[in-house]
Amino acid sequence: RESWSWREGDFPRVWERLERKPLSVGRTKGSEILFGVMPCSLALSQPRRALFRLFLKQDSGSRQALRRELVLQATARGVPVLHVRRRELDALCKGQVHQGVCLEAAPLRFKSLEEAEKPSVRDDESPKRQLVWLVLEQIQDPMNLGALLRSAYFLGVDRVVTSQRNSCPLTPTVSKASSGAMEVFDVYSTDDLQSFLKAKSAEGWEVVGTVSRPEEVENIPVISCLEFRWNKPVLIVIGSEGDGLSLETQLLCHRMLAIPPGRALHPGIESLNVSVATGILLHSICSQKLRHRD
């Protein structure tokens, strides 16, 4: 009786440990796991990645319509659909918020800058059109990069160019933070940011840097983003989370933009998160493009 009592009492704990242990799901070599509804849905809708398997949570309740749409998208692409338990999804994306959806896919790479420089035959790429390119120098946090891409896509930025050195790659976390914008919006990179800025400046583009503390900039005009006006193609250059723009990049800027605060600020909280600041700057700049287009 004592032996049976011990087994009976211990069984729930043993079962709980088994339930917590994630099942092993094999992976295609070199693949990565996208997670979240929008990144997976948009990746399925675009021919930019090789796709291997779609994983859906069993018994997702109120998400039946969404599940059907994802299954239809996967079927159209010839992607197998697997219905798995939540703990398997948790294991696939290492505990990230997956919303019941994961997608095994080939990684998404930056496009080369040479591809960005190819002339376009589209009317909306004519020299008369106001162009805004967002240039990112050493953005390292994937959440920040994702938020930057989401804002750039939403506000009408034409292209995003990032430096290769000390910059975050295009990871599933970036895609999730961008709400899937990374899946539909090309991102270019360069291994020589200063040469790129010099070349665009020689072509007649205005290079505009950004700064949180105007007093730290020497010999370059600093104006409020509310005062900035432009009538030719413009590059908006954003610096890293901690250090901002490098001195070499600052010296290539024609003007620097600052966001005026709405109150006297306490020391230590005198600046904005890089993605928030960029969203404010881009709205101020891109809204002028929309007005000119009208």
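Residues numbered from 1 in each chain as written. Predicted model: local features only at pLDDT ≥ 70, side-chain atom pairs only at ≥ 80, totals over all residues. Heavy atoms only, no water.

## Let's talk about the overall build of the protein chain
Let me state the cut-off plainly: Counting from the N terminus, the helices are the DSSP runs of H or I reaching at least four residues and the strands are the DSSP runs of E reaching at least two. Exposed residues in this analysis have more than 50% of their type's maximum accessible area, buried residues have under 20%, and partly exposed residues fall in between, with area computed by a 1.4 Å probe over protein chains only. The protein chains shown are the only cover counted for residues, whose accessible areas, like all others here, come from Shrake-Rupley with a 1.4 Å probe.
Looking only at helices and strands, one finds 10 helices and 12 strands in the protein chain. Burial analysis of the protein chain (294 residues in total) assigns 45% to the buried set. Carbon and sulfur atoms make up 52% of the accessible area of the protein chain, which amounts to about 16,600 Å² in all.

## Remarks on the confidence of the model for the protein chain
Worth spelling out the cut-off: The quantity known as pLDDT measures the predictor's confidence residue by residue, on a range of 0 to 100. Note on contacts: a residue pair is in contact if any heavy atoms of the two residues lie within 4.5 Å.
Residues of the protein chain with pLDDT of at least 70 account for 83%, and the chain-wide mean is 85. Counting interchain partners and residues more than four positions distant, the pLDDT-below-50 stretch residues 1-6 has 0 contacts. Note that pLDDT drops below 50 for residues 119-127; the model gives that stretch 4 contacts with residues more than four away or on any other chain.

## Some details on helix H2 (residues 37-45)
Every α-helix carries 3.6 residues per turn, so stepping three or four residues along brings you back to the same face. Buried residues of H2: Val37, Pro39, Cys40, Ser41, Ala43 and Leu44, and no others. Looking at the packing, one finds that the buried side of H2 touches strand S1 (32-35), strand S2 (51-57), helix H3 (64-77), strand S4 (101-105) and helix H7 (172-177).

## Points about the pattern of salt bridges
Heads up, the rule is: By definition here, a salt bridge exists when the distance from a side-chain nitrogen of Lys or Arg to a carboxyl oxygen of Asp or Glu is within 4 Å.
For the structure on display, the rule yields 7 salt bridges. Glutamate 32 is paired through a salt bridge with arginine 49; the nearest N and O atoms lie 2.9 Å apart. Highlighted residues: glutamate 32 in strand S1 and arginine 49 in the loop between H2 and S2, separated in sequence by 17 residues. Its salt-bridge partner being aspartate 186, residue lysine 111 comes within 3.3 Å of it at the nearest N-O pair. Of the two residues, lysine 111 is situated in strand S5 (residues 111-112) and aspartate 186 in the loop between H7 and strand S8 (187-190); the sequence distance between them amounts to 75 residues.

## Details of the nonpolar core
Defined as follows: Grouping buried Ala, Val, Leu, Ile, Met, Phe, Trp, Tyr and Cys residues that are joined through side-chain atoms within 4.5 Å yields what is termed a nonpolar core.
Of all hydrophobic cores here, the largest spans 32 residues; its most connected members are Leu134 and Val160. Listing elements by their share of this core, those giving two or more residues are strand S6 (132-136), helix H6 (142-155), strand S11 (234-238) and helix H10 (274-293). Sequence-distant contacts of leucine 134, that is, excluding residues within four places in its chain, are made with Ala152, Val157, Arg159, Val160, Val161, Ile236, Ile238, Thr278 and Leu282. Core analysis: the second largest hydrophobic core is formed by 20 residues, Leu113, Val135, Leu197 and Val207 among them.

## So, the state of the cysteines
We apply this condition: Pairs of cysteine sulfur atoms within 2.5 Å are what we label disulfides.
This model, assessed by the stated rule, comprises 0 disulfides. Cysteine 102 supplies the cysteine sulfur nearest to cysteine 40, a cysteine that is in no disulfide, at a spacing of 6.2 Å. The class for cysteine 40 is buried, based on a relative accessible area of 0%. Unpaired in terms of disulfides, cysteine 102 finds its nearest cysteine sulfur in cysteine 93, a separation of 4.2 Å.

## Concerning the environment of lysine 200
Selection criterion: Any pair of nitrogen or oxygen atoms within 3.5 Å is treated as a polar contact; in protein, a donor-acceptor pairing is required on top of that, and neighbouring residues in sequence qualify only through side-chain atoms on both sides.
Assignment of secondary structure puts lysine 200 in helix H8 (residues 193-202). Look at lysine 200 and you get buried, because its relative accessible area is 4%. Measuring from C-alpha to C-alpha, the distance between lysine 200 and proline 233 comes to 9.3 Å, with 33 residues separating the pair along the chain. There is a polar contact of 3.0 Å between the side chain of lysine 200 and the side chain of glutamate 203.

## Regarding the packing of aromatic side chains
Heads up, the condition is: Side-chain rings of Phe, Tyr and Trp, where Trp is taken by its six-membered ring, are said to pair if the distance between their centres is within 6.5 Å; with planes under 30 degrees apart they count as stacked, over 60 as edge-to-face, and otherwise as tilted.
Applying the stated rule across the entire model yields 3 aromatic pairs. Members of the aromatic cluster, each reached through a chain of ring pairs, are Trp133, Phe196 and Trp205.

## Quick notes on the side chain of threonine 190
Among the structural elements, threonine 190 can be located in strand S8. Of note is the side chain of threonine 190, whose polar atom sits 3.1 Å from the backbone nitrogen of aspartate 192. Sequence-distant contacts of threonine 190, that is, excluding residues within four places in its chain, are made with Leu113, Val161, Thr162, Ser163, Gln164 and Phe196.

## Some points on a negative patch on the surface
Put simply, the rule reads: Residues with no salt bridge and a relative accessible area higher than 30% make up the patches, which join like charges within 9 Å and nonpolar side chains (Val, Leu, Ile, Met, Phe, Trp, Tyr) within 5 Å. We treat Lys and Arg as the positive residues and Asp and Glu as the negative residues; His and chain ends play no part in the count. By convention, charge coordinates are those of NZ in Lys, CZ in Arg, CG in Asp, or CD in Glu.
Together, Glu114, Glu115, Asp191 and Asp192 give the surface a local cluster of negative charge. Here aspartate 191 is to be found in the loop between S8 and H8. When its relative accessible area of 66% is taken as the criterion, aspartate 191 is described as exposed.

## Concerning the sheet that holds S1
The test is simple: Two strands make a pair as long as DSSP finds a minimum of two bridges between them. To get an axis, fit a line to the C-alpha atoms, keeping to the stretch in contact for a helix; angles then go from 0 to 180 degrees between the N-to-C directions.
Strand order in the open sheet made by the 4 strands is S1-S4-S2-S3, with mixed pairing throughout. Here the strands that pair on one side only, and so sit at the sheet edges, are S1 and strand S3 (81-84). Taken over all neighbouring pairs, the strand axes of this sheet differ in orientation by 25° on average, direction set aside. Examined bridge by bridge, S1 and S4 share 4 bridges and lie antiparallel to one another.

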